[in-house]
Amino acid sequence: MSGERHCGEGLASAPNVVEHYFRHEYGRLVAILVRRLGLEHLDLIEDGAQGALLAALSEWVRSGVPEDPRAWLYQVARNRVLEVLRNERRRREILDALANDQEKDDEAMVPSFAGEVRDELLRMLFICCDDRIPYEARLVLALKTLCGFSAAEISSRLFVSEANVYKRLARARERLREVGIDTATPPLESLRSRLPSVHSVLYVLFNEGYLSTHAEQAIRAELCEEAIRLGRLLLRLFQTEPEVMGLVALMLLQHARSAARLDADGAIVLMDDQDRTLWNRAMIAEGLALVGKAMRHRRPGPYQIQAAIAATHARAARPQDTDWAQIDALYGALERQQPSPVVTLNRAVAVSKVSGPEAALAMVEPLGERLAGYFHFWGLKGALNLQLGRDAQAREAFDRAIALANTPAEAAHIRGHLDRLQNDHAASATR
């Protein structure tokens, strides 16, 4: 393939560049190929996209990163898919339709690829969220196909087993074949019913960046930024939808705190201990404006309520200025709209500030059966017991939490509590 190579990006950086492009371009690559070749070839397209990324890992290490990595990946993935189609003598009409495109000069393909990549992912997201696909299967299909999530990541985010993830994915693909969903984008108004599913995918994508399940990274800013980018694009399409405003506001207000969420050693810093001068005030201002605009529609929904909670935190110049009673009330409203053990767990934090740790622990205890495998359940339970002076119960909860930690940052945070308990015990034994 033609095109200059970046000589400075060689052996050391190529694997990192491939990882970067996997997270940023995999979904777009699949979306563009689906548009060109059709949904009936989705499995083949995914194999081609993954094969292109594997090829990049060896080729870019050996020869350097190409001038336009996205175009390189597209051409390799496309050629792999077409080669399989040729070998199997299938879909002759597709090969014929692509004959002219195939004869174009490689360099001429680059601008057309770059020109359509901006909106392609969101368009494909709406296709994956077609109402004819079962709701749970839509989320899995979009997260796997467009976001490049592994079954383990999807399992963690949707609170289902990996086996269930594979079943839902198979069900989604079977439904795609049954109904023959068109890859052309339907009229805008007909997409409105798909918005809840699109919201869910974007929020899961954002949360995987905000609270990563990857052992190597506690925060994956690129996922947060991609979710916000897609959210802003969605807002341009549906300018009067308050829940779209709420979702974008929520992501902005959460992401605005990123610079303060980890210390110099990569350990988690709780909100009360964060340096608020590091919060991104421009992002907060944008988020607050969207919250106000959404609320004026007087059609509150789950994302607007969560955005209002984040806004209450953002408005507090100091931790002691936080209106915890308002946050408690907002979580109560969220529980009524969207009952969930995780919502109740989050509300318990506000209750601990308003009514004390005993009242909060009474809310948390009944959640144990449903949240037994959830790191934050055991972390909060340990913290509440610690506040009540119940060191044995706190230590037991923290031991459970550290076993469920997804990242070194989460483990280090819990280890800090355990070390303090150990030190306090040693100090009392010497008195």
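Rules behind the numbers
Residues numbered from 1 in each chain as written. Predicted model: local features only at pLDDT ≥ 70, side-chain atom pairs only at ≥ 80, totals over all residues. Heavy atoms only, no water. Helix = DSSP H or I, 4+ residues; strand = E, 2+ residues; numbered from the N terminus. Contact = heavy atoms within 4.5 Å. Areas by Shrake-Rupley, 256 points an atom, 1.4 Å probe, with all protein chains shown as cover. Core = buried A, V, L, I, M, F, W, Y, C linked by side-chain atoms within 4.5 Å. Buried < 20%, exposed > 50% of the residue type's maximum accessible area, 1.4 Å probe, protein only. pLDDT = per-residue confidence, 0-100. Axes fitted to C-alpha atoms, helices over the stretch in contact; angles between N-to-C directions. Parallel < 35°, antiparallel > 145°, perpendicular 65-115°, else oblique. Left-handed = near helix turned anticlockwise from the far one by under 90°. Nonpolar A, V, L, I, M, F, W, Y, C, P; charged D, E, K, R; others polar. Phe/Tyr/Trp six-rings, centres within 6.5 Å; stacked < 30°, edge-to-face > 60°. Lys NZ or Arg CZ within 6 Å of the ring centre and 35° of its normal. Disulfide = S-S within 2.5 Å. Salt bridge = Lys/Arg side-chain N within 4 Å of Asp/Glu carboxyl O.

## Here's the deal with the overall build of the chain
For the chain, the helix and strand inventory stands at 20 helices and 2 strands. Look at the contacts in the chain between residues 6 or more apart in sequence, and 67% of them connect residues 24 or more apart. Counting every atom, the chain has about 20,100 Å² of accessible surface; 51% of that belongs to carbon and sulfur.

## As for the nonpolar core
Judged by nonpolar contacts, the single largest core of 94 residues is most densely connected at Leu-125 and Leu-234. The contact partners of Leu-234, leaving out residues within four places of it in the chain, are Leu-122, Phe-126, Leu-195, Val-198, His-199, Leu-202 and Val-244.

## Focus on the confidence of the model for the chain
When the pLDDT values of the chain are averaged, the result is 83; 82% of them are 70 or greater. A low-confidence stretch, residues 1-12 stays under pLDDT 50, and its non-local contacts, those more than four residues away or across chains, total 28 contacts. The low-confidence segment residues 102-118, where pLDDT is below 50, has 27 contacts with residues more than four positions distant or belonging to other chains.

## A closer look at the packing of helix 10 (residues 195-210) against helix 11 (residues 221-237)
In a packed pair of helices, the relevant descriptors are the angle between the two axes and the axis-to-axis distance. Taken N-terminus to C-terminus, the directions of helix 10 and helix 11 make an angle of 155°; their axes are 7 Å apart at the nearest point. In terms of orientation, helix 10 lies roughly antiparallel with respect to helix 11. You can see that helix 10 and helix 11 cross each other, and the crossing is left-handed. Touching Leu-195, Val-198, His-199, Leu-202, Leu-205, Phe-206, Glu-208, Gly-209 and Tyr-210 of helix 10 are Leu-223, Cys-224, Glu-226, Ala-227, Ile-228, Leu-230, Gly-231 and Leu-234, all from helix 11. For the contact of helix 10 with helix 11, the per-class residue count stands at 12 nonpolar, 3 polar and 2 charged.

## Some thoughts on unusual backbone geometry
A positive phi angle is found at Arg-298, which is not glycine, with a value near 55°. A relative accessible area of 75% places Arg-298 in the exposed class.

## Some details on the packing of aromatic side chains
Where two aromatic rings form a pair, the distance of their centres and the angle of their planes describe that pair. On inspection of all chains with the given rule, the structure shows 5 aromatic pairs. Consider the rings of Phe-206 and Tyr-210, whose centres lie 5.8 Å apart with planes at 15°: the pair is stacked. Here Phe-206 and its partner Tyr-210 are both found in helix 10, 4 residues apart, which amounts to about one turn of the helix. On the accessibility criterion, Phe-206 (0% relative accessible area) is buried. Residue Tyr-210 is classed as buried on the basis of its relative accessible area, which comes to 10%. When the ring centre of Trp-279 is taken as reference, the NZ or CZ atom of Arg-257 above it lies at 5.9 Å. Taking NZ or CZ as reference, Arg-261 lies 3.7 Å from the ring centre of Tyr-210, over its face.

## Description of the state of the cysteines
Scanning all chains against the criterion turns up 0 disulfides. Unpaired in terms of disulfides, Cys-128 finds its nearest cysteine sulfur in Cys-129, a separation of 6.6 Å.

## Focus: the side chain of Ser-352
Mapped onto the elements of the fold, Ser-352 is located in helix 16 (residues 341-355). You can call Ser-352 buried: its relative accessible area is 13%.

## Some remarks on the pattern of salt bridges
Under the definition given, this model contains 16 salt bridges. In this structure, the salt-bridge partner of Arg-220 is Glu-208, at a minimum N-O distance of 2.6 Å. Here Arg-220, found in the loop between helix 10 and helix 11, pairs with Glu-208, found in helix 10; they are 12 residues apart in sequence, far enough to count as distant. Across the pair, Glu-208 and Arg-220 agree in class, each one buried. Overlapping salt bridges, with partners in common, bring together Glu-153, Arg-157, Glu-208 and Arg-220 in one network.

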